[in-house]
Amino acid sequence: MKTDYLWDKQGSDSEIERIETILSEYRYVPVPTPNVAPQKVVSPWRWLLPATAFAALLLTVLWIGSAPKSPVAVSKEVLAELVPAPAVAAVSETPAGTAVETPASARPAKTRLMLIPIRAKVSSSRKRPIKSATVALTDEEKYAYEQVVRALYITGTQLRSVHSAIAGIEDHTTTDKNR
Amino acid sequence: MPDIEFTLGLARADVDIAPTRASEDSEDATLVSAISLGDEDAFSRFHRKYAPLVHGIALAKLPAGEADDVTQEVFLAAFRGIKSLRDPDAVGPWLVKLTRNHVAGFYRSRKISEELPDEIHDRHSHRHEAAEILLAIRSLPEAYSETLVLRLIEGMTGEEIATRTGLSSGSVRVNLHRGMDLLRKALGVEVKK
């Protein structure tokens, strides 16, 4: 039976064997399998949620801390304990927002001057919603607020840059500035 | 008469390899489904089995060092894209096609820097001769060059080449013999009758 070394390597063929030996240096050398383990994908947006949450929390705290106090509803019984009787009568008739000073002659010796924030009828126990959103900030609070806004601006700019780089969009902001 | 003998030989060979090819297909289908589910061990077996094939196809066109890199790239791409494979039994031909695409992409995107053999001035050195034979193989038509690289360099038998590339045994046998004749001519060796 005629063998065909070129087909199935049965038998021998000195010429082909010689070529195989010469070319053996090119033969595939087994290497480790490429690493295909699922890798944790790091999203460029990973800081967005924590940063937003932190900023929102900080702003909320600042707003609450600097918000004007809501009108105090003081019942007549409480007022009666705090202020002598003549003053209570005066308070109930005073227009909203005015300070009530108890007459010196009417108050006891140890009673101190009281400023009662009255914006509505004192007898009214219903709280009114705050209409004005104007916040008076202290210097420290202003500084903190500016820092938060600046941090949000920088984070937003960087996220836009990353997004542009991923999407392959030219950053027109920098281009325009360079012109 | 030689034609009749050749035809009979082909028929016998086809009958002999039929069970082997079926079992290979079954094994491939199992591997493909496991890899699709993210089985890294299955991928490792798949890599061991098909790396010589991919390397051979790449080596038929690329310098040796680049062929190694492309081989790894092809397997990474295969891992990502194996879910899109419609016929798991055809994973071999799919890999061959994937490798050819990567080779074409390689030529499009990079400049080839073929390293010259160290002993380039010594025309009788072993490495020089190897480089010369490989260049001669690469100069042949793709069907011949790929089949000869798989046979002469990667050491696969004709039957293995047919099974893994999805070609018929007859085609591989013809490619081997015609390719070998052309190689002998290219190397200046008298063709055996």
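Look above for the structure.
For clarity, every value in this text was computed on a predicted model and none was experimentally measured. (Residues numbered from 1 in each chain as written. Chains lettered and ligands numbered in written order. Predicted model: local features only at pLDDT ≥ 70, side-chain atom pairs only at ≥ 80, totals over all residues. Heavy atoms only, no water.)

Time to look at the overall build of chain B. For chain B, the count of helices and strands is eight helices and zero strands. Its helices and strands taken in sequence order, chain B reads α-α-α-α-α-α-α-α from the N to the C terminus. Per-residue burial for chain B yields a buried fraction of 47% across its 193 residues. A fraction of 68% describes how many contacts in chain B between residues 6 or more apart in sequence connect residues 24 or more apart. (Helix = DSSP H or I, 4+ residues; strand = E, 2+ residues; numbered from the N terminus. Buried < 20%, exposed > 50% of the residue type's maximum accessible area, 1.4 Å probe, protein only. Contact = heavy atoms within 4.5 Å.)

Taken together, the contact between chain A and chain B spans 27 residues of the former and 40 residues of the latter. Taken over both partners, the interface formed by chain A and chain B buries close to 3,100 Å², and the fraction arising from carbon and sulfur atoms is 63%. At the junction of chain A with chain B, the criterion picks out five salt bridges. There are 13 residue pairs in polar contact (both at pLDDT 80 or more) connecting chain A and chain B. Elements with a minimum of two residues in the side of chain A that touches chain B: α1 (5-8) and α2 (14-23) of chain A. Per-element accounting of the side of chain A that touches chain B gives the leading share, eight residues, to α2 of chain A. Class assignment for the residues of the side of chain A that touches chain B results in 15 nonpolar, three polar and nine charged. (Buried area = accessible area lost by both parts, 1.4 Å probe. Salt bridge = Lys/Arg side-chain N within 4 Å of Asp/Glu carboxyl O. Polar contact = N/O pair within 3.5 Å; in protein donor to acceptor, adjacent residues only side chain to side chain. Nonpolar A, V, L, I, M, F, W, Y, C, P; charged D, E, K, R; others polar.)

What follows is about helix α6 (residues 142-153) of chain B. All names here are of chain B. An ideal rise of 1.5 Å per residue puts 16 Å on 12 residues; α6 measures up with 15 Å between its terminal C-alpha atoms. For α6, a buried count of 10 out of 12 residues is recorded, marking the element as mostly surrounded by other parts of the structure. All of the buried residues along α6 are Tyr144, Ser145, Glu146, Thr147, Leu148, Val149, Leu150, Arg151, Leu152 and Ile153. Remark: Gly155 follows α6 within two positions and exhibits a positive phi of approximately 75°. (Expected span 1.5 Å × (residues − 1).)

The subject of this paragraph is the packing of helix α3 (residues 48-66) of chain A against helix α6 (residues 139-167) of chain A. All names here are of chain A. Orientation of α3 relative to α6, taken along the N-to-C sense of each, is 160°, at an axis distance of 11 Å. By the criterion of interaxial angle, the relationship of α3 to α6 is roughly antiparallel. Two packed elements cross with a definite hand, and for α3 against α6 that hand is left-handed. Two secondary-structure elements touch here, α3 through Leu48, Ala55, Leu58, Leu59, Leu62 and Ser66 and α6 through Glu141, Ala144, Tyr145, Val148, Leu152 and Leu159. Here the contact of α3 with α6 is built from residues that sort into 10 nonpolar, one polar and one charged. (Axes fitted to C-alpha atoms, helices over the stretch in contact; angles between N-to-C directions. Parallel < 35°, antiparallel > 145°, perpendicular 65-115°, else oblique. Left-handed = near helix turned anticlockwise from the far one by under 90°.)

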